[in-house]
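Residue-level listing of the chains:
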Amino acid sequence: AMVTSDVLGIDQRKYDFYYIIDIPSPIIGGPSAGGALTVATIAAVNNWTLKPGIVMTGMINPDESIGPVGGIPFKLEAVAASNATLFLIPEGQSKFTIEKNTAKTQQPFIFYNTVDETVDLVKRGKELNITVRETGTIYDAVFAFTGHEIKKPVYEGDVLTTRYINLL
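Residues numbered from 1 in each chain as written. Predicted model: local features only at pLDDT ≥ 70, side-chain atom pairs only at ≥ 80, totals over all residues. Heavy atoms only, no water.

J.: Looking at this model, I keep getting lost on the overall build of the protein. Mind explaining?
T.: Summing up its helical and strand segments, the protein has six helices and seven strands in all. Taken from N to C terminus, the helices and strands of the protein fall in the order α-α-β-β-β-α-β-β-β-α-β-α-α. Whereas a compact globule of 168 residues would reach a radius of gyration of roughly 15 Å, the protein reaches 21 Å, over 25% beyond that. Seen through its principal axes, the protein has C-alpha atoms that stretch 80 × 35 × 30 Å. (Helix = DSSP H or I, 4+ residues; strand = E, 2+ residues; numbered from the N terminus. Rg over C-alpha atoms; globule rule 2.2 N^0.38 Å.)

The structure is reproduced here in structure tokens:
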């Protein structure tokens, strides 16, 4: 709600923001839905429709950037099962290193080995008929979801006003 207010230049105190999140899984937590919730809030305030088939993961930062999250290769598999066509991920996270465990049997022993494997999520997405695209800001994400472009406000003059300094 705070980032939405900043992006749209609205007074947060004039709105009531309520979120009801109904997820049947007890193991979901963390900041992964922050970007998506911000997009949904911006769309709701503007009465914009969200395009179907788009899924996103990424935390929202106060500077309006989309921050990194974990488990993206596994989320991609879930996205493929949901019949989505576009998966937005945080900038810089299209390549992921996962640990792959192997076992080799030489009687009477079993030898376990762990190897790091780099997964290219864009390539893996193509294999699953999903377009995987990095997004760096909430502005990019809103455009992908709604087709609406939000112009970032340009501030002229001094940012540190006398009023601001007095408040500090």
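Having seen it, we continue.
J.: Mind showing me how you'd approach the pairing of strand 5 (residues 95–106) here?
T.: Each regular strand shows side chains that alternate between the opposite faces of the sheet. Two elements, strand 5 and strand 6 (residues 109–120), share 12 bridges in a ladder whose sense is antiparallel. Each residue of the ladder has a partner; that of Lys104, found in strand 6, is Phe111. Here strand 5 hands over to strand 6 after two residues, the two strands then running antiparallel side by side. (Pairing = 2+ DSSP bridges.)

J.: I would appreciate a short explanation of the confidence of the model for the protein in the present structure.
T.: Looking at the protein, the pLDDT average stands at 90 and 92% of residues meet or exceed 70. For the protein, per-element mean pLDDT is lowest for helix 6 (residues 162–167), which scores 72, and highest for strand 4 (residues 86–90), which scores 98. (pLDDT = per-residue confidence, 0-100.)

J.: Sorry if this is basic, but what is going on with the pairing of strand 4 here?
T.: Within strand 4, five of the five residues are buried, which leaves it mostly tucked inside the rest of the structure. Pairing analysis gives three bridges linking strand 1 (residues 54–56) to strand 4, with the strands arranged parallel. Across the sheet, the residue bridging to Met56 is Leu88, located in strand 4. Inspection of the sheet shows strand 4 paired to strand 7 (residues 131–135) by five bridges, in the parallel sense. Looking at the pairing, Phe87 lines up with Val132 of strand 7. (Buried < 20%, exposed > 50% of the residue type's maximum accessible area, 1.4 Å probe, protein only.)

J.: Is there a simple way to think about the environment of Gly70 in this case?
T.: The topology assignment puts Gly70 in the loop between strand 3 (66–67) and helix 3 (72–81). In this structure Gly70 comes out as partly exposed when scored by relative accessible area, which is 45%. For the pair formed by Gly70 and Leu50, sequence separation is 20 residues and the distance between their alpha carbons is 25 Å. Beyond its immediate sequence surroundings of up to four residues, Gly70 is in contact with Lys75 and Phe96. (Contact = heavy atoms within 4.5 Å.)

J.: Would you mind showing me how to read the environment of Ile98 here?
T.: Here Ile98 lies in strand 5. Considering only alpha carbons, one finds Ile98 and Asp116, 18 residues apart in sequence, at a separation of 5.7 Å.

J.: Where do I start with the side chain of Thr4 in this structure?
T.: Counting through the fold element by element, Thr4 comes out in helix 1 (residues 2–8). Residue Thr4 is classed as buried on the basis of its relative accessible area, which comes to 0%. Residues contacting Thr4, with those up to four places away along its chain left out, are Thr38, Thr41, Ile42 and Val45.

J.: Even after reading the chapter, I still don't get unusual backbone geometry, so can you show me in this structure?
T.: Across the chain, the bulk of peptide bonds are trans and the bulk of non-glycine residues have phi less than zero. With an omega of 5°, the peptide bond running from Gln107 to Pro108 counts as cis. In this structure, Pro108 sits in the loop between strand 5 and strand 6. Look at Asn129: it is not a glycine, yet its phi comes out positive at around 60°. Tracing the sequence through the fold places Asn129 in the loop between helix 4 (121–127) and strand 7.

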